Amino acid sequence: MFLDLETTGLEIGTESIIEIGACKVEPNGKESFFREFIRPVNVVSNLITKITGIDQEMVSDAPPLKPVLEEFIEFCGDANIIAHNAQFDIPWLICSLLRHDLPVPFKDVTCTLNWAKQNEEGRRSLGALSKKYQIGHENAHRALADAVVTKVLYYIYQQEKKSEPPVESVDRYIEISKKIMHQNPEFIQH
């Protein structure tokens, strides 16, 4: 399953997730999609609006994080997660799951950014790679659009066979997430 998050900033212990987007591909090739806005605990800054196109009005009446996470877990099943820059998205997701006493349903994580490094790509941002490989990316920095571009990039790399995908156990990310939570024990996005 291909995942991307949009947030109100870079700090997991003080900022909020404002959008989850995911694309799940079944073994038979059937795709299903998940996209949901989430009400933040802090205000969406002008900078984040400029980057993502998401403004405060779009998320002020959105559901709180926990029910969206519950829907997301149901959508995921036990699918493995593939993200571009998993070091950003996966700790956000796991911290949120753990803070709400929800299970971490996936076992493995693949990062297409790390795969781009392995493949010695010059520019590795999702935007640069989508241009290089001529992947349509009209809504850059929106969760579902970025998840779909990550999916296309993953399959391109899979076909090129320059290197194996960098698969890591989710346990590594759980360990990182617990350290982050320890640094900001009081923060919870409701």
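Residues numbered from 1 in each chain as written. Predicted model: local features only at pLDDT ≥ 70, side-chain atom pairs only at ≥ 80, totals over all residues. Heavy atoms only, no water.

Draft legend 1. Representation of the overall build of the protein chain within the structure. If you tally the helices and strands in the protein chain, you get eight helices and six strands. Each helix and strand of the protein chain, placed in order from N terminus to C terminus, yields the pattern β-β-β-α-α-α-β-α-β-α-α-α-β-α. A compact globule built from 190 residues should have a C-alpha radius of gyration of about 16 Å, and the protein chain, at 16 Å, falls within 12% of that. By its C-alpha atoms, the protein chain is 45 × 35 × 30 Å across when sized along the principal axes. The buried share of the protein chain, reckoned over its 190 residues, is 51%. Taking contacts inside the protein chain between residues at least 6 apart in sequence as the whole, the part at least 24 apart equals 71%. Accessible surface for the protein chain amounts to roughly 9700 Å². Of this, 49% is attributable to carbon and sulfur atoms. Computed over 20 positive and 28 negative side-chain charges, the inter-centroid distance for the protein chain is 5 Å. (Helix = DSSP H or I, 4+ residues; strand = E, 2+ residues; numbered from the N terminus. Rg over C-alpha atoms; globule rule 2.2 N^0.38 Å. Buried < 20%, exposed > 50% of the residue type's maximum accessible area, 1.4 Å probe, protein only. Contact = heavy atoms within 4.5 Å. Areas by Shrake-Rupley, 256 points an atom, 1.4 Å probe, with all protein chains shown as cover. Lys, Arg positive; Asp, Glu negative; His and termini not counted. Charge placed at Lys NZ, Arg CZ, Asp CG, Glu CD.)

Draft legend 2. Structural detail: the pattern of salt bridges. Scanning the entire structure with this criterion turns up five salt bridges. The residue K151 makes a salt bridge to E31 at a minimum N-O spacing of 2.6 Å. Highlighted residues: K151 in helix α7 (residues 143–160) and E31 in strand β3 (residues 31–37), separated in sequence by 120 residues. The exposure class assigned to K151 is buried, which follows from its relative accessible area of 10%. For E31, a relative accessible area of 32% translates into the label partly exposed. Where salt bridges share partners, they join E19, R35 and R142 into one cluster. (Salt bridge = Lys/Arg side-chain N within 4 Å of Asp/Glu carboxyl O.)

Draft legend 3. Spotlight on the environment of Y173. Within the fold, Y173 resides in helix α8 (residues 170–183). Among the residues examined, Y173 registers a relative accessible area of 0% and is labelled buried. Along the sequence, Y173 and C95 sit 78 residues apart, while their C-alpha atoms lie 9.4 Å from each other.

Draft legend 4. Structural detail: the pairing of strand β1 (residues 2–7). Counted residue by residue, β1 has six buried out of six residues, so it is predominantly covered. Where burial is concerned, the two faces of β1 agree: the one with F2, D4 and E6 and the one with L3, L5 and T7 are both buried. Bridge count for β1 against strand β2 (residues 17–25) is six bridges, and the pairing is antiparallel. Among the inter-strand pairings, F2 is bridged to a residue of β2, identified as C23. (Pairing = 2+ DSSP bridges.)

Draft legend 5. Looking closely at the environment of W92. Position of W92 relative to the elements: it lies in helix α4 (residues 86–99). Of the residues examined, W92 reaches a relative accessible area of 2% and is grouped as buried. Excluding residues that lie within four positions of it along the chain, W92 makes contacts with L5, T7, G9, L10, E11, I12, E15, S16 and I17.

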